[in-house]
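Coordinate analysis (summary)
In case you want the letters, here they are:
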Amino acid sequence: MVRHRDFILCCFVQSPIVKRKHLQSISRIHPTEIEEILKQVSRLTPREGWVFCKTPSAEFALQYPDVDQNQKSAWNEIYDDIYSTLHLKLHRNNPLVERRMDKPPINKELTCLNVEKATQIISNLQLEEIVDPFHLVELSNEFRDLIGPSCALVEVVENSMCRYIPPEYCKQVLNEMCAPLRLYYVSVLIPNGEREQAIGYEKIGNISDKYRQIIFSLYESRYQISKSELREAIHKQMQTHLTSKEYHELTSLLCDSPTAYRSGHWILRVKRKP
């Protein structure tokens, strides 16, 4: 319930008035709990909505700018934590989702092929009569959405290639595309103890780049990891401590949290459908 309360407080940060039905439409919190929290932190104004019980103080912000800035930074971290933990619904009027969607996409310069490199790949495989280099360029652009900031099953990626390449050649073409696109294979442990082969980017041009391989390697030996396991692994291998901001950004990019609210564990986000 603490996270649910923080979520509603975040909505009040975005707008001084919120509506209960709107909160229900953008979250998975039970309507009864929403009403209970609203009664604790706000008052109902007929025909308008719920108004936060205390109005913002511009005078305080001017008198204590450092405290005001520290509070804004703290709420920024809460936004990230809430989005990844509560699985907020994608909704055009959801301020927290809109905030998250402002984040920069995967860096195109790091993850695309040019025609010359595509031609070289095809030549190395001796597939000049079968594969068009422009199709490889198009595939490299499609991969950014298909694979995303975490990873996707190799089977899903190879199936997407069949639109341009005969199925029997997809695997070897993908292998040749890995180096220029900074892709590598990830062996992912699943709940029944078996493994799935996925593929993800080594670098996508953001804060996750220096930690990605460490996180992917953790999931080779376990299905889910805790916050402490993640922090300990990074500290052990890099001799550095993960900040709260880095932790929230990493988990929001690479992980899903079906049990995070209850037990604090994360599973790797793996795309299993196109």
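Look up: the structure comes first, before these words.
The numbers attached to residues start from 1 for each chain and follow its sequence in the written order. Residue-level local features of this predicted model are given only where pLDDT is at least 70; pairs of side-chain atoms are given and counted only at 80 or more, and the full residue set underlies all totals for whole chains, interfaces and linings. Excluded from the side-chain calculations are hydrogens and water; all other atoms, namely the structure's heavy atoms, are used.

Observations regarding the sheet that holds strand 7 (residues 224–226)
Strand pairs in the sheet, formed through backbone hydrogen bonds, run parallel or antiparallel to each other. Two strands are counted as paired when DSSP detects at least two bridges linking them. Helical segments are the DSSP runs of H or I of at least four residues, strand segments are the runs of E of at least two, and each set is numbered from the N terminus. The three strands are arranged 7-9-8 in an open sheet whose pairing can be described as antiparallel. The sheet is open, and its two edges are formed by strand 7 and strand 8 (255–256), each paired on a single side. Sheet topology note: the strand 8/strand 9 (residues 265–268) ladder contains two bridges and is antiparallel. Bridge pairing links Cys255 to Leu268 in strand 9.

Considering the sheet that holds strand 10 (residues 270–271)
With mixed pairing, four strands are arranged side by side in an open sheet as 5-6-4-10. Bordering the open sheet on either side are strand 5 (183–189) and strand 10, each of which pairs with just one other strand. Relative to strand 6 (residues 195–201), strand 5 is paired through seven bridges, and the arrangement is antiparallel. What sits directly across from Tyr185, in strand 6, is Ile199. The contact rule is simple, with two residues in contact once any of their heavy atoms fall within 4.5 Å. The axes are straight lines fitted to the C-alpha atoms, using for helices just the contacting stretch, and the angles between their N-to-C directions are given from 0 to 180°. Strands in contact with helix 8 (residues 133–147) are strand 4 (151–153), strand 5, strand 6 and strand 10; relative to strand 6, the strand with the most contacts, it is inclined by about 120 degrees. This element, helix 9 (residues 154–161), spans strand 4, strand 5, strand 6 and strand 10 of the sheet and lies at about 75 degrees to strand 4.

Considering the packing of aromatic side chains
Note on aromatic contacts: the rings of Phe and Tyr and the six-membered ring of Trp form a pair at centre separations within 6.5 Å, being stacked when their planes are under 30 degrees apart, edge-to-face when over 60 apart, and tilted otherwise. By the definition in use, this model includes two aromatic pairs. Look at Tyr247 and Trp266: their rings are 6.3 Å apart centre to centre, the planes differ by 75 degrees, and that puts the pair in the edge-to-face class. In this pair, Tyr247 is assigned in helix 13 (residues 244–254) and Trp266 in strand 9, connecting sequence segments 19 residues apart. Take Tyr247 and Trp266: they sit in the same class, and that class is buried. Positioned above the aromatic ring of Tyr247 is the side chain of Lys227, whose terminal nitrogen or guanidinium carbon lies 4.9 Å from the ring centre. In this scheme, Lys NZ or Arg CZ marks a charge over a ring once it lies within 6 Å of the ring centre and within 35 degrees of the ring normal. Lying across the ring of Tyr247, Arg231 places its NZ or CZ 5.4 Å from the centre. Accessibility here uses a 1.4 Å probe with only protein chains present; expressed as a share of the type maximum, an area under 20% marks a residue as buried, one over 50% as exposed, and anything in between as partly exposed.

A look at the environment of Glu176
Inspection of the secondary structure assignment puts Glu176 in helix 10 (residues 167–181). Residue classification places Glu176 among the partly exposed residues on the basis of a relative accessible area of 32%. Excluding residues within four positions of it along the chain, Glu176 makes contact with Ile121, Asn124 and Leu125.

Examining the nonpolar core
Within this scheme, the nonpolar core is defined by two criteria: the residues are buried Ala, Val, Leu, Ile, Met, Phe, Trp, Tyr or Cys, and they are joined through side-chain atoms within 4.5 Å. Grouped together as the largest cluster of nonpolar side chains are 56 residues, with contacts concentrated most on Leu136, Phe143, Val157, Met161, Ile165 and Met177. Dropping the residues within four chain positions of it, Phe143 is found in contact with Gly148, Val157, Ser160, Met161, Leu174, Met177, Leu181, Leu183 and Tyr201. Ranked by size, the runner-up nonpolar core spans 14 residues in total, among them Val18, Leu23, Ile37 and Trp50.

Notes on the packing of helix 9 against helix 10
For the pair helix 9 and helix 10, interaxial distance at closest approach is 10 Å and the crossing angle is 105 degrees. Taken together, helix 9 and helix 10 sit at an angle that is classed as roughly perpendicular. The segment helix 9 lies against helix 10, with Val154, Val157, Glu158 and Met161 engaging Cys170, Lys171, Val173, Leu174 and Met177. Here the angle decides the label: under 35 degrees means roughly parallel, over 145 means roughly antiparallel, 65 to 115 means roughly perpendicular, and every other value means oblique.

Describing unusual backbone geometry
Although it is not a glycine, Arg182 adopts a positive phi angle of roughly 60 degrees. Looking at the element boundaries, Arg182 is found in the loop between helix 10 and strand 5. Even without being glycine, Gln239 reaches a positive phi, approximately 50 degrees. Along the chain, Gln239 falls in the loop between helix 12 (227–238) and helix 13.

Quick notes on helix 13
The buried count for helix 13 comes to nine of eleven residues, which makes it a mostly enclosed element. Buried within helix 13 are the following residues: Glu246, Tyr247, His248, Glu249, Leu250, Thr251, Ser252, Leu253 and Leu254.

Re helix 10
Taking 1.5 Å of rise per residue, 15 residues should cover 21 Å, and helix 10 covers 21 Å from first to last C-alpha, within 8% of that figure. Next to the buried residues of helix 10 lie helix 7 (115–124), helix 8, helix 9, strand 5 and strand 6. Immediately downstream of helix 10, the backbone of Arg182 shows phi near 60 degrees, a positive value. Every helix has an expected span of 1.5 Å times one less than the residues it contains.

Describing a nonpolar patch on the surface
Patch definition: residues with relative accessible area over 30% and no salt bridge; like charges joined within 9 Å; nonpolar side chains (Val, Leu, Ile, Met, Phe, Trp, Tyr) joined within 5 Å. Note on areas: these come from Shrake-Rupley sampling with a 1.4 Å probe, and a residue is covered only by the protein chains present in the view. Counted as salt bridges are all cases of a side-chain nitrogen of Lys or Arg within 4 Å of a carboxyl oxygen of Asp or Glu. On the surface, a nonpolar cluster with roughly 260 Å² of combined accessible area is contributed by Phe60, Tyr64 and Val67. Note on placement: Val67 falls in helix 5 (residues 65–86). The class for Val67 is partly exposed, based on a relative accessible area of 38%.

In short, geometric facts, not functional conclusions.
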